[in-house]
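# Structural overview
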Amino acid sequence: MKKILLIAVTCIFSLSAQAWWDAGHLITAVIAYKNLNKKAKAQVDDLVQYLERDYPYTNNFAALSTWPDDLKSEGVYAYSTLHYTNIPYNPQNLAIPVPPEVDVLWAIDQAKSILYSKRSRPVEKARQLAFLIHFVGDIHQPLHSTSYFNNDLPAGNRGGNDFPISSFGRWKNLHACWDDACGFTSDYNDINPYGEPKKALSKEDMKRLEDFAAKIMKAHPKKDLLGIDLLDQDFWALESHKLAVRYGYRGVLSVDENGRKKYIRPNDPVSEYYLEQGQKIAEQRLAMGGYRLAAVLNQIFGE
């Protein structure tokens, strides 16, 4: 079992609006790269150089995965609303706003269209490759699919950012907890931590990520993952939504001797039981995101 009590990282509070934190995106990308066919690998490796010219730290396919979040640290917020979709969790049946049409699902479609295009320039394809890698990771993070509406938050809780939790300083809200995969990826947050100047991934960094990705793939081979061959991002979002409700917003904190469950509520401390269940889901979603990203890129670049 992945240990629960991990050392807090210094950048936790600055990351509350991110998707998977860098570790989750990097691991998803490494899994994807390991599952690309030969032609697709050659094509994506060629595109990396076009982004690397302007952003030297994007030195390989995995490094592209965090670039859309890195833009925020450089003051570029034009793409900030493309990292999520807001499928409503609305148990009180409130009248709620219509979700925007321009969201992560729209952005994935746009990226795929440009990568398929014979007219788009290589530099634009490189940018859209980075967006696609990142956004496929985003939509597999359950809380990037869902906004919880209730009487206290009739406009929604911003994917759990307005769902405060007590976690001894590790995470200030439910969204941050899930961005850190409920602690599953915490040991890797030291690799190019958010908020610090970015550096190219080192051989040591890549070895750590590749070893971790191999363990995840061994634990979750493609043949064991229901629906893994479904490549519709709307389906991925619905998967994430169901998981967000069951394990996120209605996650179980404890079960007493009579089988009665205590469910998480705002300001509750997250329990070891809650984190254990969340880590299992997060590990599977990282695997599925990686496999599906590879399948999409294998389709785009062909064999």
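Structural data are supplied above this passage.
Residues numbered from 1 in each chain as written. Predicted model: local features only at pLDDT ≥ 70, side-chain atom pairs only at ≥ 80, totals over all residues. Heavy atoms only, no water.

## Notes on the overall build of the protein
Within the protein, the regular secondary structure consists of ten helices and four strands. The order of α-helices and β-strands along the protein, N terminus first, is α-α-α-α-β-α-α-β-α-α-α-β-β-α. Since a compact globule built from 303 residues should have a radius of gyration of about 19 Å, the 19 Å found for the protein is in line with a globular shape. Principal-axis analysis of the C-alpha atoms gives the protein an extent of 60 × 45 × 40 Å. Evaluated residue by residue, the protein yields a buried proportion of 56% over its 303 residues. Per element, the accessible surface of the protein, about 14,100 Å² overall, is 52% carbon and sulfur. Counting 36 positive and 36 negative side-chain charges, the protein places the averaged centre of each group 3 Å from the other. (Helix = DSSP H or I, 4+ residues; strand = E, 2+ residues; numbered from the N terminus. Rg over C-alpha atoms; globule rule 2.2 N^0.38 Å. Buried < 20%, exposed > 50% of the residue type's maximum accessible area, 1.4 Å probe, protein only. Areas by Shrake-Rupley, 256 points an atom, 1.4 Å probe, with all protein chains shown as cover. Lys, Arg positive; Asp, Glu negative; His and termini not counted. Charge placed at Lys NZ, Arg CZ, Asp CG, Glu CD.)

## Some thoughts on helix α9 (residues 233–249)
Where α9 bends most, at leucine 243, the angle is about 25°. Taken residue by residue, α9 has Gln233, Trp236, Ala237, Glu239, Ser240, His241, Leu243, Ala244, Val245, Gly248 and Tyr249 as its buried positions. Where α9 is buried, its residues touch β1 (87–89), α5 (104–116), α6 (122–139), β2 (146–148), α7 (174–179) and α10 (272–301). Between the side-chain oxygen at the start of α9 and the backbone nitrogen of aspartate 234 there is a gap of 2.8 Å, and the oxygen is on aspartate 232. (Bend = angle between axes of the 7 residues up to and from the residue. Contact = heavy atoms within 4.5 Å. Polar contact = N/O pair within 3.5 Å; in protein donor to acceptor, adjacent residues only side chain to side chain.)

## Here we look at the nonpolar core
With 65 residues, the main nonpolar core has Phe61, Leu129, Leu132 and Leu297 as its most contacted residues. The element best represented in this core is α10, accounting for eleven residues. Sequence-distant contacts of phenylalanine 61, defined by excluding residues within four places in its chain, comprise Ala29, Ala32, Tyr33, Val44, Val48, Leu129, Ile133, Leu293 and Leu297. Listed in part, the 22 residues of the second largest apolar core include Leu143, Phe163, Ala176 and Val245. (Core = buried A, V, L, I, M, F, W, Y, C linked by side-chain atoms within 4.5 Å.)

## Things to note about the pairing of strand β3 (residues 252–255)
Note that β3 and strand β4 (residues 261–263) share three bridges and pair antiparallel. Residue pairing in the sheet places serine 254 in a bridge with lysine 262 of β4. Between the antiparallel neighbours β3 and β4 lie five residues, among them glycine 259 with a positive phi of about 85°. (Pairing = 2+ DSSP bridges.)

## Let's talk about the packing of aromatic side chains
This model, assessed by the stated rule, comprises twelve aromatic pairs. Where tyrosine 79 meets phenylalanine 131, the ring centres are 4.9 Å apart and the plane angle is 55°; that geometry is what we call tilted. Within this pair, whereas tyrosine 79 is found in the loop between α4 (67–73) and β1, its partner phenylalanine 131 is found in helix α6, the two being separated by 52 residues in sequence. Take tyrosine 79: its relative accessible area is 25%, and that puts it in the partly exposed class. A connected cluster of aromatic rings, assembled from ring pairs, spans Tyr55, Tyr57, Trp67, Tyr79, Phe131 and Phe135. Lying over the aromatic face of tyrosine 263, arginine 250 brings its terminal NZ or CZ to 4.3 Å of the ring centre. (Phe/Tyr/Trp six-rings, centres within 6.5 Å; stacked < 30°, edge-to-face > 60°. Lys NZ or Arg CZ within 6 Å of the ring centre and 35° of its normal.)

## A word on the packing of α5 against α9
One can describe the packing of α5 onto α9 by two numbers: an axis separation of 10 Å at closest approach and a directional angle of 150°. As judged from the angle between their axes, α5 and α9 are roughly antiparallel. Here the hand of the crossing between α5 and α9 comes out right-handed. Residues Leu105, Ile108, Asp109 and Lys112 of α5 form the contact with α9, whose own contacting residues are Gln233, Asp234 and Ala237. Here the residues of the contact of α5 with α9 are counted per class, giving three nonpolar, one polar and three charged. (Axes fitted to C-alpha atoms, helices over the stretch in contact; angles between N-to-C directions. Parallel < 35°, antiparallel > 145°, perpendicular 65-115°, else oblique. Left-handed = near helix turned anticlockwise from the far one by under 90°. Nonpolar A, V, L, I, M, F, W, Y, C, P; charged D, E, K, R; others polar.)

## Some remarks on the environment of tyrosine 84
Locating tyrosine 84 in the fold gives a position in the loop between α4 and β1. If near-sequence neighbours (up to four positions away) are discounted, tyrosine 84 is found in contact with Asp103, Val104 and His144.

## Brief notes about the state of the cysteines
One pass over the full model with this rule turns up zero disulfides. Residue cysteine 177 stays outside any disulfide, its sulfur separated by 3.9 Å from that of cysteine 182, the closest cysteine. Classification of cysteine 177 by relative accessible area gives buried; the value is 0%. (Disulfide = S-S within 2.5 Å.)

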